[in-house]
Amino acid sequence: VTANYGKLSITQAPLTITADSNSKEYDGTALTDNGWQDTAPVGLKGTDAVDSVTVTGTITEVGSEDNVASAAVVKNGDVDVTANYDITYVKGTLTITQSSKALVIGSSTKSWTYDGETHTDEVYSVTYDNAAVTADETGKVFTLPTGDTVTITATAAGVKYVADSAENNNTYTYVLTNAGQYSSVTANYGKLSITQAPLTI
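Residues numbered from 1 in each chain as written. Predicted model: local features only at pLDDT ≥ 70, side-chain atom pairs only at ≥ 80, totals over all residues. Heavy atoms only, no water.

A. View of the overall build of the protein chain. Across its full length, the protein chain holds zero helices and 18 strands. Here the C-alpha atoms of the protein chain give a radius of gyration of 32 Å, more than 25% beyond the 17 Å that 2.2 N^0.38 yields for 201 residues. Across its three principal axes, the protein chain shows a C-alpha extent of roughly 140 × 25 × 20 Å. Here the protein chain holds 201 residues, and the buried ones make up 27% of them. Across the protein chain, the mean location of the 10 positive side-chain charges is 2 Å away from that of the 23 negative side-chain charges. (Helix = DSSP H or I, 4+ residues; strand = E, 2+ residues; numbered from the N terminus. Rg over C-alpha atoms; globule rule 2.2 N^0.38 Å. Buried < 20%, exposed > 50% of the residue type's maximum accessible area, 1.4 Å probe, protein only. Lys, Arg positive; Asp, Glu negative; His and termini not counted. Charge placed at Lys NZ, Arg CZ, Asp CG, Glu CD.)

Next up, the structure:
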C-alpha cells in the first residue's frame, strides 16, 4: 500500500502601484505628490488593502522629474500579506512649466526746465502678476514672490538740453535670477526731457 500526496500552492497575484503625476507653473517652491493608485487585473483579494506606499519625487524649476513609488505594504486587517502579491511599480511625472504671470519692469518719466545741468532719474518699478514689488533700500533690487530677484543698473546718459529729450531714453539693464523660469517679462523705459526755460529780452 502506497500513499502519495499532491502539492497545494498559492502563486502571487499581480498588483500594480502607480505613482501620481502632477504639474504646476513655476513659483519658486518644490512640487511633490506622494499620492498613488493601486490596480490589479481582478482586484485585491478578499479584504486585502494597500496600507502604505513610499512615493519619492520632487522638482522646483522648469522641467520634469519621475515620481517613483516603492515599498508598498498590503494588509488584511493587521496581517501583512504583501508577499502574496507580485507588485509592479509605475512611475508618475512631476512637471513645472514657466511662470506665465506678467513681470513688468519700468523706469520713471520726468521733465525739468532747462537749467544748464545734466539730469537723470534712477527711479524704477517692478510688478509681478499685476502686484507691485517692493524695492530694497537702493531702489534697484526687487525680490519677487518666487524668491528670485530683479537687479537694475542705470544706463541713461541723462538730459541737459531740450534736444536731448527722447522717448524711452531712461534706459537701464536688468538681471533676473532664474530668468528661464519666466515666460512673460517686459521692460519699459520712461522718458527724460528738458523743457525751455523762460527768458525775457
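After presenting the structure, the write-up continues.
B. Geometry of unusual backbone geometry. The phi dihedral of D129 falls on the positive side, at around 55 degrees, and the residue is not glycine. Note on placement: D129 falls in the loop between β11 (124-128) and β12 (131-132). In this structure D129 comes out as partly exposed when scored by relative accessible area, which is 42%. Of note in the backbone geometry, N178 takes a positive phi value of approximately 55 degrees without being a glycine.

C. Structural view of the nonpolar core. Within the largest apolar cluster, 18 residues are counted, with the highest numbers of intra-cluster contacts made by L103, V126, F142, L144, V150 and I152. For this core, the elements supplying multiple residues, two or more each, are β8 (92-97), β9 (103-107), β11, β14 (149-154) and β16 (172-176). No other element matches β11, which puts three residues into this core. Leave out the neighbours within four places in its chain, and V126 touches L103, V104, I105, A131, A132, V133, F142, L144 and V150. Formed by 13 residues, the second largest nonpolar core is a distinct cluster that contains L15, I17, V55 and A69. (Core = buried A, V, L, I, M, F, W, Y, C linked by side-chain atoms within 4.5 Å. Contact = heavy atoms within 4.5 Å.)

D. Representation of the environment of N170 in the model. Here N170 lies in strand β15 (residues 166-170). Apart from residues no more than four positions distant in its own chain, N170 is found in contact with S107, S108, D121, A156, Y189, G190, K191 and L192. At 3.1 Å, the side chain of N170 and the backbone oxygen of D121 are in polar contact. (Polar contact = N/O pair within 3.5 Å; in protein donor to acceptor, adjacent residues only side chain to side chain.)

E. Looking closely at the side chain of T146. Along the chain, T146 falls in the loop between β13 (141-143) and β14. In terms of polar contacts, T146 uses its side chain to reach the side chain of D148, at 3.3 Å. Engagement of the side chain of T146 in a polar contact is seen with the side chain of Y182, the distance being 2.5 Å. Discounting residues that sit within four places of it in the chain, T146 has contacts with Y26, D27, G28, Y128 and Y182.

F. Structural view of the pattern of salt bridges. Inspection of every chain in the model, using the stated rule, returns four salt bridges. Taking the shortest distance from any N to any O, the salt bridge between E167 and K191 comes out at 3.3 Å. With E167 in strand β15 and K191 in strand β18 (residues 190-195), the pair connects residues that are 24 residues apart, well separated along the chain. Residue classification places E167 among the exposed positions, given a relative accessible area of 57%. What makes K191 partly exposed here is its relative accessible area of 26%. (Salt bridge = Lys/Arg side-chain N within 4 Å of Asp/Glu carboxyl O.)

G. Broad picture of the packing of aromatic side chains. Per the counting criterion, the structure on display carries five aromatic pairs. Summarising the aromatic geometry, the rings of Y128 and Y182 are spaced 6.0 Å apart at their centres and angled 80 degrees between planes, so their arrangement reads as edge-to-face. In this pair, Y128 is assigned in strand β11 and Y182 in the loop between β16 and β17 (185-188), connecting sequence segments 54 residues apart. Of the two residues examined, Y128 and Y182, each falls in the buried class. Taken together, the ring pairs in this structure connect Y26, Y128 and Y182 into an aromatic cluster. (Phe/Tyr/Trp six-rings, centres within 6.5 Å; stacked < 30°, edge-to-face > 60°.)

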